[in-house]
Amino acid sequence: MEKPRNYLIQDVTLNWCRLDKPVNPFGTEQYEAQLETRDKAKADELKANHLNVKEKEAGVYTVSLKRKAKRADGSDNGKVQVVGTKASDVIDVRTIGNGSKGNVIIWQYPYEAMGRSGIASSLTKIQVTDLVEYTGSNDVDFEMQPETVADDMPDFSKMQPKTDKTADELGF
């Protein structure tokens, strides 16, 4: 690949979308999403288009994509754009759950840096075609014990002070 380009990846499963705010796993703030396919031909196409495809388990192929939150000059790089299938669709990126289906556009460009060269990919836009809504996991909590007063504890509310001095006089 000689020139930068947009590359459209169609009909993939979306997992682990971190698109609301940047995460910082290795010292660089970035947005992330994992693509998954069970189609060997699609996995081969992704490999041929300079993506690092991993076989997670037999017949399940994944690609991890990212978008840096900041450009090299320190300016904001913008968030990953997320759309639905209609112009009126509003997708809350926090609700994109694992197993959602969609299409993805990445920006690819050749690079040379520190003696290395290759093709870099930047996650640009996601179209959610079938949303599996993530609602969070609020079903896990600690089991709380009821508060009890021990029988052998004195009832401090009925005790009288042993001095007639006020708290100010005592230095409190």
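Residues numbered from 1 in each chain as written. Predicted model: local features only at pLDDT ≥ 70, side-chain atom pairs only at ≥ 80, totals over all residues. Heavy atoms only, no water.

Those residues of helix α1 (residues 40–48) that fall on the buried side of the exposure criterion are Lys 42, Ala 43 and Leu 46. An end-on view of α1 places all buried positions within 100° of arc, on one side of the element. Residues of α1 that are exposed and point over 90 degrees away from its buried face: Ala 41 and Ala 48. Looking at the buried residues of α1, the elements they touch are β1 (5–23), β2 (30–37) and β4 (60–68). Sitting at the amino-terminal end of α1 is Asp 39, which places a side-chain oxygen 3.0 Å from the backbone nitrogen of Ala 41. In the stretch just after α1, His 50 is the one whose phi turns positive, near 70°. (Buried < 20%, exposed > 50% of the residue type's maximum accessible area, 1.4 Å probe, protein only. Helix = DSSP H or I, 4+ residues; strand = E, 2+ residues; numbered from the N terminus. Arc of directions from axis to C-beta. Contact = heavy atoms within 4.5 Å. Polar contact = N/O pair within 3.5 Å; in protein donor to acceptor, adjacent residues only side chain to side chain.)

With respect to the helices, strands and loops of the structure, Lys 56 is situated in strand β3 (residues 54–57). For Lys 56, a relative accessible area of 48% gives the class partly exposed. Ignoring any residue separated from it by four or fewer positions in sequence, one finds Lys 56 in contact with Glu 36 and Thr 62.

A separate point is the pattern of salt bridges. One pass over the full model with this rule turns up five salt bridges. Across the salt bridge formed by Glu 32 and Arg 18, the nearest N and O atoms sit 3.4 Å from each other. Here Glu 32, found in strand β2, pairs with Arg 18, found in strand β1; they are 14 residues apart in sequence, far enough to count as distant. The shortest N-O distance in the salt bridge between Arg 94 and Asp 92 comes to 2.9 Å. A relative accessible area of 31% places Asp 92 in the partly exposed class. Residues joined by salt bridges that share partners form a network here, namely Glu 36, Arg 38 and Lys 56. (Salt bridge = Lys/Arg side-chain N within 4 Å of Asp/Glu carboxyl O.)

So, about the side chain of Thr 62. Looking at where Thr 62 falls in the secondary structure, it is placed in strand β4. By relative accessible area, which is 6% here, Thr 62 ends up buried. Those residues in contact with Thr 62, other than ones at most four positions away along the chain, are Gln 34, Leu 35, Glu 36, Asn 52, Val 53, Lys 54 and Lys 56.

Once that is clear, we can look at the environment of Ile 105. In this fold, Ile 105 is placed in strand β6 (residues 100–113). Taking the C-alpha atoms as reference, Ile 105 lies 9.8 Å from Val 80; in sequence the two are 25 residues apart.

A separate point is the pairing of strand β7 (residues 116–130). Bridge analysis of strand β5 (residues 81–83) against β7 gives three bridges, and the strand direction is parallel. Within β7, the residue paired with Val 83 across the bridge is Gln 127. As paired strands, β6 and β7 are joined by 13 bridges and run antiparallel to one another. Pairing of Ile 105 across the sheet is with Lys 125, part of β7. With antiparallel pairing between neighbouring strands as the criterion, β6 and β7 make up a hairpin whose turn holds two residues, including Met 114 at a positive phi of roughly 50°. (Pairing = 2+ DSSP bridges.)

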